[in-house]
Amino acid sequence: MSCPVCRERGTAFFHRCLPLFAMEADEPHPQAQSVLRWQRRLGFVPLHRHGIRRLRWLNGLSERLQSSDGPSVGSVTDGTIPGPPGPGGDLSVRAYVPDGDEPFPTIVFFHGGAYVIGGLASHDALCRHLCLASDCVVLAVDYRLAPEHPFPAAVEDAYAATEWAAANPDRLAGDGQLAVVGDSAGGTLAAVTALRAVEQDGPDIDYQALIYPATGVDESQDSVQDHSGMVLDREDFDWIQEQYYGSAIHERNPYADPSNACDLSGVAPATIITAGFDPLRDGGRAYAEQLRDDGVPVTYRNYEDMIHGFASQLDSIDRASEAVDAIGDDLHEAFGLA
């Protein structure tokens, strides 16, 4: 089923419309409800009631309890690459290479975790699945975390890693094609990296995939009003901003939230994923509209019965695989893969 507005605009916009239907189901999917109950029993949510040390301990415990080897890929290699100029030093990375004949397109991946938790281990299964679904090399980046390293440290690390990947395709079995992908805070970093690359005449980024990014979130939005407390709540937003920004002066910076940019024209075509019961949903949808209005091709998908973080719950939520597979299909199309 296609949108009549898109049909009027021509086939280039077919199935790239924003939905004209309900943004959420009657209730979260039973598998999503099960994940929510597990997170609450663990005491992982809400985030703001924990100190950083305890939150990271709980995150590590969650990783261990949910640990699985994930799907097999051709190879997985840990290493380091140069970080941005300054005291940050080298960045730890993990490269996932698919089976098959080289070279492959490259995805630079940024994990979620509210800028304060997460790393290579937390998103290992997601990166493996993305590697298989896209037939691309996935370079996962262990960027610096707040509050020890507030904005713009994560932004600088994300951009430095993307510059390195673009300049060193031979080190990654790459063919020179490049995408940035991330979930939640990592989705914001991917969007910022795509914007910065255009504004600063940086690496050529062919595609960006943003999984429930934290872009353009406003407390007046229906998704915040209706779904605060569903994984994230309004107190979490305030707490995350305090940890990440350090100073309120940074909050309007387009490299903190790309929805603050006056002009997004020229950034890479995008896939944006949102979840019906996610407080970030309407901000993600608004960013898709902003990109579209500035002439950027956008594929927008809303998983109406899902919650924030569902795409990384590959062992627990079937629609996680569906979402990652759909991103893989978008990347296949963008890169011209058979």
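You'll find the structure just up there.
Residues numbered from 1 in each chain as written. Predicted model: local features only at pLDDT ≥ 70, side-chain atom pairs only at ≥ 80, totals over all residues. Heavy atoms only, no water.

**Notes on the pattern of salt bridges**
Turning to step 1, where the next piece is worked out: All chains considered together, the criterion is met by 14 salt bridges.
Turning to step 2, where the next piece is worked out: Glu156 is paired through a salt bridge with Arg196; the nearest N and O atoms lie 3.2 Å apart. Placement of Glu156 in helix α5 (residues 153-167) and of Arg196 in helix α6 (residues 185-199) is noted, with a sequence separation of 40 residues between them.
Turning to step 3, where the next piece is worked out: Glu156 gets classed as partly exposed once you look at its relative accessible area, which sits at 28%.
Turning to step 4, where the next piece is worked out: A relative accessible area of 10% means that Arg196 is categorised as buried.
Turning to step 5, where the next piece is worked out: When salt bridges that share partners are traced, they join Asp78, Arg94, Asp124 and Arg128 into one network. (Salt bridge = Lys/Arg side-chain N within 4 Å of Asp/Glu carboxyl O. Helix = DSSP H or I, 4+ residues; strand = E, 2+ residues; numbered from the N terminus. Buried < 20%, exposed > 50% of the residue type's maximum accessible area, 1.4 Å probe, protein only.)

**Some thoughts on helix α3 (residues 52-65)**
Turning to step 1, where the next piece is worked out: Taking 1.5 Å as the rise per residue, α3 with 14 residues should run 20 Å; its terminal C-alpha atoms sit 20 Å apart, in good agreement.
Turning to step 2, where the next piece is worked out: Looking only at α3, the buried set comprises Ile52, Leu55, Leu58, Asn59, Gly60, Leu61 and Ser62.
Turning to step 3, where the next piece is worked out: Here the buried face of α3 lies against α2 (30-42) and α8 (234-245). (Expected span 1.5 Å × (residues − 1). Contact = heavy atoms within 4.5 Å.)

**Some remarks on the environment of Cys131**
Turning to step 1, where the next piece is worked out: Tracing the sequence through the fold places Cys131 in helix α4 (residues 124-134).
Turning to step 2, where the next piece is worked out: Assessed through its relative accessible area of 0%, Cys131 is described here as buried.
Turning to step 3, where the next piece is worked out: For the pair Cys131 and Val73, spaced 58 residues apart in sequence, the C-alpha separation works out to 7.3 Å.
Turning to step 4, where the next piece is worked out: Not counting the four nearest positions on each side in its chain, Cys131 is found in contact with Val73, Tyr96, Val97, Pro98, Cys136 and Val138.

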